[in-house]
Amino acid sequence: MTMNLKRSSGILMPISSLPSQYGIGTLGEAAFRFADFLKSAGQTCWQLLPLGPTGYGDSPYSSFSAYAGNPYFIDLGCLCRDGLLEMGDIDGVDWGNDPRNVDYGKIYARRWEVLRKAFRAGWPRDRQAVLAFAEENGRWLPDYALFMALKQHFGMRPWTYWADKDIRTRHPESMARYQALLEDDMRFFTYLQFLFFRQWHTLREYAGSRGIRLIGDLPMYVAPDSADVWAEPENFLLDEQNLPREVSGVPPDRFSADGQLWGNPIYDWQRMREDGYSWWIRRIAGSKRLYDILRIDHFRGLESYWSVPYGAKTSKAGRWVKGPGMDFVRIIRDWFAGVPIIAEDLGLMTPEVGQLMAESGFPGMKVLAFAFGDGEASGYLPHNYGHNCVCYVGTHDNETIIQWWDTADRRDVAFARRYLAIHDDEGFNWGVIRGGMSSVADLFVVQMQDCLGLGGEARMNIPGTETGNWRWRLLPGEADDVLAAKLYEYTKMYGRCE
């Protein structure tokens, strides 16, 4: 099995990074214009970061729900045109004064009040449509709406710290009492999902009409403070208090002496196997509704995962535990046979992980930012690629390529320049883009920051840090015709246009 994509290319650009007047990228006009930019640049893929609602740390990989959309992405201008808001509701609101970076504190402080106004105006008008939407999404939406209403009720504390033990354990009488008490808040959070998905599907249809396929991330783990864990704790290795027995992470490596302690609860893979991985099938089906292509994050964790005792201070205390392997992969491959899947196979590679990759048939990832430190033997160098892979300049976790050029060992930079025949007039970032474009990889993806030649100030995420990430934004006018023409030139030259 291969990815079944024609030779093509695309850009990694999160929704949050789009320009807008409202402090963070949205599903509004700028998203449609970015699809137009991709089309004129000869691109056929738009890779996104996860779209879920975020909490402390603002990471899209730590969401309150594996199914829900982020209310911050609901475009307020569209709500005005739809009669749900007036311009006076949003004009003059301080969403942050730096168009280059999201100010999540100000978004959190001000967005909800504005969205409440839209809810109060829209619920009476849209009630029947919302109820139909809620019924269509009945497997996850009621739990999510109640979970968010309860978080608000308990001061946004994690659910394991809610003052009422009975609702933490979903005691039936407690569930019924809070559903009645928080009925209006549940309607509010349900209505926001109705608005999000209505705007999302309009954007997705438009992108499809422009020949753009959307690549979405499927994080390996879900957040401990999520409706997913609260509503279905039986799928996770939890104790009698619903606290994790062990949590996720990665071991110490050359990037981090302590490793990374992610803190997500570990799945009860044995139980999941017994019911045919139904939780995963539902979850992937939810993602399939959003995207055309799926990227499974931390794929190597399906072969073996790093499990750390709950309460450990660092990831050093962890151990490798065997994952579900090909038994799981075969199930999802059969269930979703028509869905192209990319396996994020970065991290510690072992012969066993290599075998799982080969048996799955999924394309793995080749990151040029990793290519030049190990000499000619590096598997990330283009001459070592096969067709069935995706070549990246870098991912959201990497330095931008200009930052790498500024900070890497000078011998590695010199090797990159020789290998890719980069000359000063071309620019280092464009030389690396050319190297990826010209590779035999079926798909090539470049971050928008690397198209713009930006440095460390534009880095999206530094793994292992909890704050200060996920903030970078595109400025109005940066994705212009000149940049599109240059991308198109490279894309056409190396046979990646439609």
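Our structure is the block above this text.
What you see is a predicted model, and the numbers here were worked out from it, not measured in a lab.

Caption draft 1: Quick peek at the overall build of the protein chain. A count of helical and extended segments in the protein chain gives 18 helices and twelve strands. Taking 2.2 N^0.38 as the reference for a compact globule, 498 residues should give roughly 23 Å; the C-alpha atoms of the protein chain span a radius of gyration of 23 Å, in line with that estimate. With the C-alpha coordinates of the protein chain rotated into their principal frame, the extents come out at 70 × 55 × 40 Å. Within the protein chain, the proportion of its 498 residues that are buried is 58%. Within the protein chain, contacts between residues separated by at least 24 positions form 74% of all contacts whose residues are at least 6 apart in sequence. Entry remark: accessible area of the protein chain is about 20500 Å², with carbon and sulfur atoms responsible for 51%. With 54 positive and 64 negative side-chain charges, the protein chain shows a separation of 1 Å between the mean positions of the two kinds.

Caption draft 2: Structural context of the environment of Cys497. Locating Cys497 in the fold gives a position in the segment after α18 (481-493). For the pair Cys497 and Gly10, spaced 487 residues apart in sequence, the C-alpha separation works out to 10 Å. Aside from chain neighbours lying at most four places away, what touches Cys497 is Gly42, Tyr488, Thr491 and Lys492.

Caption draft 3: How the structure looks around the packing of helix α5 (residues 141-153) against helix α8 (residues 183-209). One way to put it is that α5 packs onto α8 with a least axis distance of 8 Å and a crossing angle of 125°. The orientation of α5 relative to α8 falls into the category oblique. Our pair here, α5 against α8, has a crossing hand that is right-handed. When α5 is examined against α8, the residues Leu141, Pro142, Tyr144, Ala145, Leu146, Met148, Ala149 and Gln152 are found in contact with a partner set consisting of Asp185, Met186, Phe189, Thr190 and Gln193. Taken together, the residues that form the contact of α5 with α8 break down as nine nonpolar, three polar and one charged.

Caption draft 4: Layout of helix α4 (residues 104-136). A rise of 1.5 Å per residue sets the reference length of α4, with its 33 residues, at 48 Å; its end C-alpha atoms lie only 31 Å apart and thus fall more than 12% short of the reference. The principal kink in α4, of about 80°, is found at Asp126.

Caption draft 5: Quick peek at the packing of aromatic side chains. Within the structure shown, the criterion is met by 50 aromatic pairs. Between Tyr277 and Phe328, the ring centres sit 5.2 Å apart and the planes meet at 75°, which makes this aromatic pair edge-to-face. Linking Tyr277 in the loop between α10 (269-274) and α11 (278-288) with Phe328 in helix α12 (residues 325-335), this pair joins segments that are 51 residues apart in sequence. Pair check on accessibility: Tyr277 and Phe328 agree, each one buried. Ring centres of Phe372 and Phe415 lie 5.8 Å apart, and the angle between their planes is 80°; on these two criteria the pair is classed as edge-to-face. In this pair, Phe372 is assigned in the loop between β10 (364-367) and β11 (389-392) and Phe415 in helix α15 (residues 410-420), connecting sequence segments 43 residues apart.

Caption draft 6: Spotlight on the sheet that holds strand β1 (residues 8-12). Taken in spatial order, the eight strands line up as β9-β6-β3-β2-β1-β12-β11-β10 in an open sheet, and their pairing is parallel. Both edges of this open sheet fall to β9 (341-343) and β10, since each of them pairs with a single strand only. Between one strand axis and the next, the sheet turns through 25° on average, direction left out of account. Here β10 pairs with β11 via four bridges, running parallel. Pairing of Met365 across the sheet is with Val390, part of β11. Contacts between helix α1 (residues 29-40) and the sheet are confined to β1 and β2 (45-47), with β2 contributing the most and set at about 135° to the helix.

Caption draft 7: Geometry of the sheet that holds strand β5 (residues 260-265). Judged by pairing direction, the sheet is antiparallel, and its four strands sit side by side in the order β5-β4-β7-β8 without closing on themselves. Strands with a single pairing partner mark the edges of an open sheet, and in this sheet they are β5 and β8 (319-322). Across the sheet, the mean angle separating the axes of adjacent strands is 50° when strand polarity is ignored. Sheet analysis places strand β4 (residues 246-250) next to strand β7 (residues 304-309), joined by four bridges and oriented antiparallel. From the neighbouring strand, Ser248 faces β7, where its bridge partner is Ser307.

Caption draft 8: Expanded view of unusual backbone geometry. A positive phi angle is found at Met156, which is not glycine, with a value near 65°. Mapping Met156 onto the fold places it in the loop between α5 and α6 (165-168). Positive phi, close to 65°, is recorded for Asn242, a residue that is not glycine. As for its placement among the helices and strands, Asn242 is situated in the loop between α9 (227-231) and β4.

Thresholds applied
Residues numbered from 1 in each chain as written. Predicted model: local features only at pLDDT ≥ 70, side-chain atom pairs only at ≥ 80, totals over all residues. Heavy atoms only, no water. Helix = DSSP H or I, 4+ residues; strand = E, 2+ residues; numbered from the N terminus. Rg over C-alpha atoms; globule rule 2.2 N^0.38 Å. Buried < 20%, exposed > 50% of the residue type's maximum accessible area, 1.4 Å probe, protein only. Contact = heavy atoms within 4.5 Å. Areas by Shrake-Rupley, 256 points an atom, 1.4 Å probe, with all protein chains shown as cover. Lys, Arg positive; Asp, Glu negative; His and termini not counted. Charge placed at Lys NZ, Arg CZ, Asp CG, Glu CD. Axes fitted to C-alpha atoms, helices over the stretch in contact; angles between N-to-C directions. Parallel < 35°, antiparallel > 145°, perpendicular 65-115°, else oblique. Left-handed = near helix turned anticlockwise from the far one by under 90°. Nonpolar A, V, L, I, M, F, W, Y, C, P; charged D, E, K, R; others polar. Expected span 1.5 Å × (residues − 1). Bend = angle between axes of the 7 residues up to and from the residue. Phe/Tyr/Trp six-rings, centres within 6.5 Å; stacked < 30°, edge-to-face > 60°. Pairing = 2+ DSSP bridges.

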